[in-house]
Structure formats: C-alpha cells, structure tokens
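Next come the chains, spelled out residue by residue.
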Amino acid sequence: MKSVPQATSLRRAPVQRRSAERLTRILDACADLLDEVGYDALSTRAVAERAGVPIGSVYRFFGNKRQMADALAQRNLERYSERVTERLKGARRGDWRAAMDAVLDEYLAMKRTAPGFSLVDFGNQIPVGARHAEPNHRVADRLTVLLSDYLVRAPDEDLRRTFLIAVETADTLVHLAFRVDPEGDAKVIDETRVLLRSYLARVLD
C-alpha cells in the first residue's frame, strides 16, 4: 500500500518540555480563535497574544497561519485516533460494525465539542498542505493502520480503498447534517450510518 505522507508544518519540533507546552498553548489558542473569528481573520499575532507567548515563539514553529492550521489538523487526527483506539478496547476483535460506530461517533463528538474543529477538522475546509496529502487520504491511511489488526485484515490497498470511500462518503454527509442543523441533523446522521453499514457489509463481511 502506498502511504500518503502527512504534511510537515512545523519549522522545528519541540525538544524540551517547556517548548512542547508552549506549542500546545499556541495550538489551543489557534483553535479557540478559529471558532471566534474564523480563518480569514486569524493572525499569528492574535494567536501569540491569546497563548501568552512572544510572537517570535509562534514563528519559531510556524511560518504563517496556514502552517499553524495544518498542525492543528494533524493534532486533531492524533487525538481522534486515540479516541477511536480507546473506544474499541472493550469491543470484540473483528467486529467491523463496532469499529464503524467508533469511527463515526468519535468524529461527531469532536465536531460538536473540539475547539476549532468545525473549520479545520483534519484539514478539510481550509486549503492547507499539498494535494497529495489531502485530509481524507490522511484519515483513510490512519484508519487502515489503526484498524487492520482489529479487523483481522491485511493493511493493503483494498482495505485502504474501502476506508477512503467510506471516509469520503461520511465526510460529505456529515457536513450536510451540520449544514441542516448546527448540532448535526439526527436523521441525516442515521441515514449516513445505514449507508455506511450497507457498503461495509458488502466489503467486510
């Protein structure tokens, strides 16, 4: 399987704990400001002020707000992966329906509660990164690695294609659900779940 590389948006990775904590504050401030002012009005100076760090600290990690938003998207994907993994700890190995519910439910939970997620999620709505690293490919790659052992399936191109189709479908319909209702229209989400189950049953059963 040919992996899609993640965008590398950090100018330099934090080495010391203090530096890592500063980076966390910067990304937290970026997320909060995205909710408050949107991407167009976001600025590195406003993020620095909100995070309580010198502007030079922001530029130490990021060249511009686009790189900062992409780093936030990457952090969202890491946290999402952790949530899905935790959710599946008590599930029966090989149960793709439990996996699908975890993948969809944790995405919905982050969309409703995670700061900045409604704009950035995994990079979908802000044009960050190169085309070869577009977000749904990142998610499909991550799910292939994350779930292949749980599903007792080889992490091959067929499984990745299955996840990519499911992710693209869910992404479109979930965005529709949140356009209909700011909290996510329940009926659209229910139909999304039915559609995904029907497709995955044909492929994974």
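Structure: above.
The notes below deal with the structure included here. Only a predicted model underlies this, so the values are computations on that prediction, with no experimental measurement involved.

1. Some remarks on the pattern of salt bridges
And then number 1: Taken as a whole and judged by the stated rule, the model has 18 salt bridges.
And then number 2: With a closest N to O distance of 2.9 Å, Glu36 and Arg50 form a salt bridge. One end of the pair, Glu36, is in helix α1 (residues 17-37); the other, Arg50, is in helix α2 (residues 44-51), with 14 residues separating them in the sequence.
And then number 3: Since its relative accessible area comes to 40%, Arg50 is described here as partly exposed.
And then number 4: Two residues, Arg92 and Asp95, come together in a salt bridge whose shortest N-O distance is 3.9 Å.
And then number 5: We classify Arg92 as exposed; its relative accessible area is 59%.
And then number 6: The buried category is assigned to Asp95, whose relative accessible area is 19%.

2. Looking at the side chain of Ser81
And then number 1: By secondary structure assignment, the location of Ser81 is in helix α4 (residues 65-87).
And then number 2: Given a relative accessible area of 7%, Ser81 falls into the buried group.
And then number 3: For Ser81, the contacting residues outside a window of four places in its chain are Arg142 and Leu146.

3. Some words on helix α9 (residues 186-204)
Since one α-helical turn is 3.6 residues long, residues separated by three or four positions face the same way.
And then number 1: For α9, with 19 residues, the first-to-last C-alpha span of 26 Å sits near the 27 Å given by 1.5 Å per residue.
And then number 2: Within α9, the full set of buried residues consists of Val188, Ile189, Thr192, Arg193, Leu196, Tyr199, Leu200 and Leu204. Axial view of α9: buried residues confined to an arc of 140 degrees, hence all on one face. Turned more than 90 degrees away from the buried face of α9, the exposed residues are Lys187, Glu191, Val194, Ser198 and Arg202.
And then number 3: Tucked inside the fold, the buried residues of α9 contact α5 (96-113) and α8 (157-180).
And then number 4: For α9, the side-chain oxygen to backbone nitrogen distance between the N-cap and Lys187 is 3.2 Å, and the N-cap itself is Asp185.

Reading the values: the criteria
- Residues numbered from 1 in each chain as written.
- Predicted model: local features only at pLDDT ≥ 70, side-chain atom pairs only at ≥ 80, totals over all residues.
- Heavy atoms only, no water.
- Salt bridge = Lys/Arg side-chain N within 4 Å of Asp/Glu carboxyl O.
- Helix = DSSP H or I, 4+ residues; strand = E, 2+ residues; numbered from the N terminus.
- Buried < 20%, exposed > 50% of the residue type's maximum accessible area, 1.4 Å probe, protein only.
- Contact = heavy atoms within 4.5 Å.
- Expected span 1.5 Å × (residues − 1).
- Arc of directions from axis to C-beta.
- Polar contact = N/O pair within 3.5 Å; in protein donor to acceptor, adjacent residues only side chain to side chain.

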